[in-house]
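# Analysis of the macromolecular model
The residues making up each chain are set out below.
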Amino acid sequence: MEEVKIIGLEEGVLKIALFGDIDLGNADAFYQAVLDGYKTTPANVVFDCKELNFIDSTTLGTFVKILKALKTDGFSMKLVNLQPKIKKLFVICSLDSIMEIA
């Protein structure tokens with residue numbers, strides 16, 4: 001999936017870069033790509049969202065599903081470099097209270 005690039009383990013954290021648009025059309029593929037990368041290298045996950053341009057409500061729900069899977073295993077999730085318009089969606093939906101957004 002070209003919207004997801006598993007960077008790999010850096011300083012004990014699995015880094016994943018996100019690109020372009022993630023929406024209803026590719027949210028399932030996004031979820032599967034992240035889970036596949038995570039299962040290969042179980043660790044806390046940091047999403048670098050610098051190149052992420054658009055998400056929809058389906059994607060917000062997918063982030064919650066990913067967070068649940070990580071927490072079940074005792075790991076955490078963090079989103080960094082969010083564009084202001086995307087960060088605003090997380091704040092409006094109060095998702096910043098359940099996941100770390102930097």
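The structure this text deals with has already been given above.
Scope of this entry: the structure provided in the associated data block. All values reported here derive from a predicted model rather than from experimental measurement. (Residues numbered from 1 in each chain as written. Predicted model: local features only at pLDDT ≥ 70, side-chain atom pairs only at ≥ 80, totals over all residues. Heavy atoms only, no water.)

This paragraph deals with the environment of Glu51. Inspection of the secondary structure puts Glu51 in strand β3 (residues 44–55). Glu51 gets classed as partly exposed once you look at its relative accessible area, which sits at 42%. (Helix = DSSP H or I, 4+ residues; strand = E, 2+ residues; numbered from the N terminus. Buried < 20%, exposed > 50% of the residue type's maximum accessible area, 1.4 Å probe, protein only.)

To continue, consider the packing of aromatic side chains. In this description, an aromatic ring pair is defined by two values, namely the gap between the centres and the angle between the planes. Going through the model one piece at a time under the given rule, you end up with five aromatic pairs. Ring plane angle 55° and centroid distance 6.3 Å describe the contact between Phe30 and Phe47, whose orientation is recorded as tilted. Of this pair, Phe30 sits in helix α1 (residues 27–40) while Phe47 is found in strand β3, placing the two residues 17 residues apart along the sequence. Considered together, Phe30 and Phe47 belong to a single accessibility category, that of buried residues. Ring centres of Phe63 and Phe90 lie 5.6 Å apart, and the angle between their planes is 65°; this geometry places the pair in the edge-to-face category. Taken together, the residues span a long stretch of sequence, with Phe63 in helix α2 (residues 57–72) and Phe90 in helix α3 (residues 84–92) at a distance of 27 residues. We note that Phe63, like Phe90, is buried. Members of the aromatic cluster, each reached through a chain of ring pairs, are Phe30, Phe47, Phe63 and Phe90. Positioned above the aromatic ring of Tyr31 is the side chain of Lys65, whose terminal nitrogen or guanidinium carbon lies 4.1 Å from the ring centre. (Phe/Tyr/Trp six-rings, centres within 6.5 Å; stacked < 30°, edge-to-face > 60°. Lys NZ or Arg CZ within 6 Å of the ring centre and 35° of its normal.)

With that settled, the discussion passes to the pairing of strand β2 (residues 13–22). Of the strand pairs in this sheet, strand β1 (residues 4–10) and β2 are connected by six bridges, and their pairing is antiparallel. Paired with Glu10 across the strands is Val13, a residue of β2. Summarising the sheet, β2 and β3 pair through nine bridges and their orientation is parallel. Each bridged residue has a counterpart across the sheet, and for Phe19 the counterpart in β3 is Glu51. You can see the chain leave β2, run along α1 and come back into β3, and the turn it takes is right-handed. (Pairing = 2+ DSSP bridges. Right-handed = clockwise from strand over helix to strand, strands pointing away.)

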